[in-house]
Amino acid sequence: MELSLSNSSSFRFRRYDFVPRLHSFSRLGSFHTFSSNKSISVRRPLIWRQPRLLRIKAQTAIDGNSSDDFIIEDVPHLTYFLPDLPSYTNPLKRSQAYAIVKKTFVNPEDMVAKEIIVQKDSPRGIHFRRAGPREKVFFTPEEVRACIVTCGGLCPGINTVIREIVCGLKNMYGVDDVLGIQGGYSGFYSKNTLNLTTKVVNDIHKRGGTFLQTSRGGHDTKKIVDNIQDRGINQVYIIGGDGTQKGAAAIYKEVEKRGIKVAVAGIPKTIDNDIAVIDKSFGFDTAVEEAQRAINAAHVEAESVENGVGIVKLMGRYSGFIAMLATLGNRDVDCCLIPESPFYLEGPGGLYEYVEQQLKENRHVLIVLAEGAGQEYVAQSMQAFQEKDASGNRLLLDVGLWLTQHIKDHFTNVRKMTINMKYIGSIGDYDCINIDMAPEISLHRTFTIQKQRYYEILAVTNENPTYMIRAIPSNASDNIYCTLLAQSAVHGAMAGFTGFTVGPVNSRHAYIPINRVTETTNTVNITGRMWARLLASTNQPSFVHHCQTVREKVDKQTIDAINNMQINSI
C-alpha cells in the first residue's frame, strides 16, 4: 500500500494512534504538523502482521534534485491484533526513584539510527524505536503473570539478566507474579517452574551459569503456547542466542495467530559476540577479560623454556571476536587465528615460516586460536564427518590439538629443531586439557569419533579456557549492561510491544524486530580497521598471498595494494 501526503515543511511522529478505524496509520504511526512542500511516502508491508517497515521519503527541490530517506524498522504491538486493548498510566509516574528524573518517559518520536557515519548527501537510513519506559502501559501490575526462560549455551551475565527482570518488574511496576521456566524451551511443557521473587534472585548474579538451567532444542511452538495459555502467562522473556530468538519469533507469531494478550520479549545472548545489529552481546567483555588469564599463563610457560610454543584455544565457533579482542588487549600474543581468516601452514607467508622467525628472534612464540578456525584442515586430516548439536550448530573438531601436533611434527622432523609445546585448550565439547609437550613425549594418538564427541588419549587437567570463560559470573561492566537490557525488555513488554528483541545500537538501547538479529551473523571483517590493528600489533602474516579462501574474501583492489608493497605481513 502506498500513501502520499503533500503539505507541510516539517513532520514528526506521534505515539501509536490505535483507533481501529485509522488502520492505515494506527499500525504504522500517525503524523501531524505538516507544512511546506515536502512529499512524504508511507509504505506498509504487504503482510501487516510481520514486523513493520515504515519508510518515509522526503524530497525537497534543491538545485533541481535531492532526496532524503528515513526508514523505521518497527516492532509489533499488541494493539495490532487486539485493537481495543485499554491503556493505563505508567506506575513510574508515581515512583520515588524516577521522581528525580527530568524526563521520565521516552519520547515516542525517539529513534535510534543504525548507521551514524554518514555523508552530507547520503540517505538518513534505517532507524529503530528507542527503548525505555512509555507514558502509557497496557498491563496493570495485578494482571501480569510473567515468565523467564534461558536456552542454549552458557554465558556470563545470564543470572544478572534474570535477576534484573524480576527486580525490574517488582520495583518499577509492582509485579509480584513471575515464573522461572527450568531447562530451556522443553521446560514449558514438562511443568518445571520456580516462583521468582526479589528475595529468591537476590544474589544469583554472583554465580556463573544460569539459575534456571538450560538446554538446546526442545522447541515445540504449539505446546509452548498451549502451556502459556494454560498457566495464564501474559509476558514471556526469552534469553538465548540465534536459534532461541528464532523460537521466540515463532512463539510471537503463534500468539498473534491465536489473538491472545501475551507480550514476547527476547534478550539476545551469545558469548561469541556474533549477533547482528547490536553493538555487543552481554558477557563478551567478561569473556575477553577472563581469557587474559589463560593467555598470560601460556606466555609465561612458553618464554620459560627454550623454543617454547604456547597455543591457547578460545571460544569462537563462526566469529573470532573473543580471540581478536583478547589478543589486542594482551599484547603478548604473536599470532591470532580466527574462522574468518583461513590460514595455511607451509610456504612463504605461512604459519610455519612465521613461527620459526619468532623463535629465532624471541626464542618463544604465543598463538591464540578461535575454536572455529582451521576446521576444514582438521576434518580432512581426520576424515571426520559433520555432526550437529540439538540447536543445529556444527560440532567442532579440536583445531588446537591438530595444530599442536602439526607444529610439533614439522619442527621436529622437518626442521630438526627442538621445541617445547604448551597447549591450553579442550577435547571435544566437555573435556579439557593442558598439555605440556616436552620433546621426549610421544605424540602418537588414537582418535575416536563417537556420539558427537571425540576424545584424545592424553593428559587431562581442569584448565580449559574454551569453556572456562563462559561459566564465570559477569564482571562489573557486563552487570551494568545486563541491567539495562533487562529493564529495557521490561519497559517494552509493559508498554505493549511484542515480538521484539532489545540491545544497544550505537550505544543507545533500541527495540529491534527479532528477524533482524537472526537473519545474519556478525563476523570479524578481515578487510576492516580492527583486524588491521591486530595485524599491525602482532605483525603476523595476513595469509592473503597464497590462501585462495582468503583471497576470495578480499577485494582485488586490496590484494593489488598489498602486492605492490611486496610484503608478506601487515
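Nothing here was measured: the structure is a model prediction, and the numbers come from that model.

Q: Give a description of the pairing of strand β12 (residues 178-181) that names residues and reports values.
A: Residues of β12 alternate between two faces, with Val178 and Gly180 on one and Leu179 and Ile181 on the opposite face, all of them buried. Note: strand β11 (residues 146-150) against β12, four bridges, orientation parallel. Bridge pairing in β12 links Cys147 to Leu179. Read as a crossover between parallel neighbours, the route from β11 over helix α2 (residues 158-173) to β12 is right-handed. As paired elements, β12 and strand β13 (residues 193-195) share three bridges and run antiparallel to each other. The residue bridging Gly180 from the neighbouring strand is Leu194, located in β13.

Q: Residue-level account of the packing of aromatic side chains, with values.
A: Taken as a whole, this structure holds seven aromatic pairs when the rule is applied. Ring centres of Tyr344 and Phe543 lie 5.6 Å apart, and the angle between their planes is 75°; this geometry places the pair in the edge-to-face category. Of this pair, Tyr344 sits in the loop between β17 (335-337) and α7 (351-362) while Phe543 sits in the loop between α13 (529-538) and α14 (548-553), and the two are 199 residues apart along the sequence. As far as the burial class goes, Tyr344 and Phe543 line up, both buried. Grouped by ring-pair contacts, the aromatic residues Phe343, Tyr344, Tyr377, Trp402 and Phe543 constitute a single cluster.

Q: Quick one: what's the story with the nonpolar core, residue by residue and with numbers?
A: Across soluble globular proteins, nonpolar side chains have a tendency to be buried as a group. Grouped together as the largest cluster of nonpolar side chains are 112 residues, with contacts concentrated most on Ile148, Ile165, Tyr237, Ile267 and Phe282. In terms of residues, this core owes the most to one element, α2, which gives nine residues. Two domains each donate at least three residues to this core, and these are domain 1 (78-281 + 474-518) and domain 2 (287-427 + 525-560).

Q: Describe the pattern of salt bridges, listing the residues and the values that go with them.
A: If you walk through the whole model with that rule in mind, you get 21 salt bridges. With its nearest N and O atoms 3.3 Å apart, the salt bridge here joins Lys93 to Glu135. In this pair, Lys93 sits in the loop between β7 (88-89) and β8 (111-113) while Glu135 sits in the loop between β9 (125-130) and β10 (136-137), placing the two residues 42 residues apart along the sequence. Lys93 gets classed as exposed once you look at its relative accessible area, which sits at 52%. Assessed through its relative accessible area of 43%, Glu135 is described here as partly exposed. In this structure, Glu356 and Arg415 form a salt bridge, with 2.8 Å as the shortest nitrogen-oxygen distance. Residue Glu356 is found in helix α7, and its partner Arg415 is found in the loop between α9 (399-414) and β19 (420-427); the two are separated by 59 residues along the sequence. A network of salt bridges, in which partner residues are shared, links Glu73, Arg516 and Glu519.

Q: Provide a residue-level description of the UniProt feature "binding site: substrate" (unreviewed entry) in the protein chain, including the pertinent values.
A: In this structure's numbering, the residues bearing the UniProt feature "binding site: substrate" (unreviewed entry) are Thr270, Ile271, Asp272, Met315, Gly316, Arg317, Glu371, Tyr467, Met468, Ile469 and Arg470. Of note, Asp272 is situated in the loop between β15 (263-268) and α5 (284-303). A residue is classified by how much of its surface remains accessible, and Asp272, at 8% relative accessible area, is buried. Setting aside chain neighbours within four positions, we find Asp272 in contact with Met315, Gly316, Arg317, Ser319, Phe321 and Ile322. Among the polar contacts made by the side chain of Asp272, one reaches the main-chain amide nitrogen of Gly316 at a distance of 3.5 Å. As for its position among the elements, Arg470 is in the loop between α10 (465-468) and α11 (476-494). Other than its neighbours up to four places away in sequence, Arg470 contacts Gly153, Leu154, Cys155, Pro156, Arg216, Ile271 and Met315.

Q: Which residues make up helix α3 (residues 221-231), and what are the values?
A: Looking at α3, one finds that the buried residues are Thr221, Ile224, Val225, Asn227, Ile228 and Arg231. The buried side chains of α3 occupy one side of the element, clustering within an arc of 155° when seen end-on. Along α3, exposed side chains directed more than 90 degrees from the buried face belong to Lys222 and Asp230. Elements in contact with the buried residues of α3: β12, β13, β14 (235-240) and α4 (242-258). Two residues or fewer past α3, Gly232 is found with a positive phi of approximately 75°.

Q: Kindly report on the pairing of β11, identifying the contributing residues and their values.
A: Every other side chain in a regular strand lies on the same face of the sheet, so the side chains alternate between the two faces. Extensive coverage of β11 is indicated by the burial of five of its five residues. Of the two faces of β11, both are covered, the one formed by Ala146, Ile148 and Thr150 as well as the one formed by Cys147 and Val149. Bridge analysis of β11 against β14 gives five bridges, and the strand direction is parallel. Residue pairing across strands places Val149 opposite Ile238, the latter belonging to β14.

Q: Which residues make up α2, and what are the values?
A: Over its 16 residues, α2 runs 22 Å from end to end, which matches the ideal 22 Å to within 8%, given 1.5 Å per residue. Counted residue by residue, α2 has 14 buried out of 16 residues, so it is predominantly covered. Gly174, located one to two residues past α2, shows a positive phi value of around 75°.

Q: Before we move on, can you summarise the UniProt feature "binding site: ATP" (unreviewed entry) in the protein chain with the specific residues and values?
A: If you check UniProt for "binding site: ATP" (unreviewed entry), the listed places come out as Gly153, Arg216, Gly217, Gly241, Asp242, Gly243 and Thr244 in our numbering. For this annotated set, covering 92 residues, all C-alpha atoms fall within 11.9 Å of each other, a compact arrangement in space. Here Arg216 lies in the loop between β13 and α3. Classification of Arg216 by relative accessible area gives partly exposed; the value is 32%. By the secondary structure assignment, Gly217 is in the loop between β13 and α3.

Q: Give me the confidence of the model for the protein chain: which residues, what numbers.
A: The predicted model of the protein chain averages 79 in pLDDT, with 73% of residues at 70 or higher. Segment residues 1-67: pLDDT under 50, and 150 contacts once partners within four positions in sequence are set aside and those in other chains are kept. Overall, residues 426-463 carries pLDDT values under 50, and its contacts beyond four positions in sequence, including any with other chains, amount to 95 contacts.

Q: Can you lay out the environment of Ala471 for me, pointing to particular residues and giving the numbers?
A: Residue position: Ala471 is located in the loop between α10 and α11. Assessed through its relative accessible area of 40%, Ala471 is described here as partly exposed. What Ala471 contacts, discounting residues up to four positions off in sequence, is Gly208 and Gly209.

How each quantity is defined
Residues numbered from 1 in each chain as written. Predicted model: local features only at pLDDT ≥ 70, side-chain atom pairs only at ≥ 80, totals over all residues. Heavy atoms only, no water. Buried < 20%, exposed > 50% of the residue type's maximum accessible area, 1.4 Å probe, protein only. Helix = DSSP H or I, 4+ residues; strand = E, 2+ residues; numbered from the N terminus. Pairing = 2+ DSSP bridges. Right-handed = clockwise from strand over helix to strand, strands pointing away. Phe/Tyr/Trp six-rings, centres within 6.5 Å; stacked < 30°, edge-to-face > 60°. Core = buried A, V, L, I, M, F, W, Y, C linked by side-chain atoms within 4.5 Å. Domains from an automatic or database assignment. Salt bridge = Lys/Arg side-chain N within 4 Å of Asp/Glu carboxyl O. UniProt positions renumbered as here; feature names shortened; annotations may be inferred. Contact = heavy atoms within 4.5 Å. Polar contact = N/O pair within 3.5 Å; in protein donor to acceptor, adjacent residues only side chain to side chain. Arc of directions from axis to C-beta. Expected span 1.5 Å × (residues − 1). pLDDT = per-residue confidence, 0-100.

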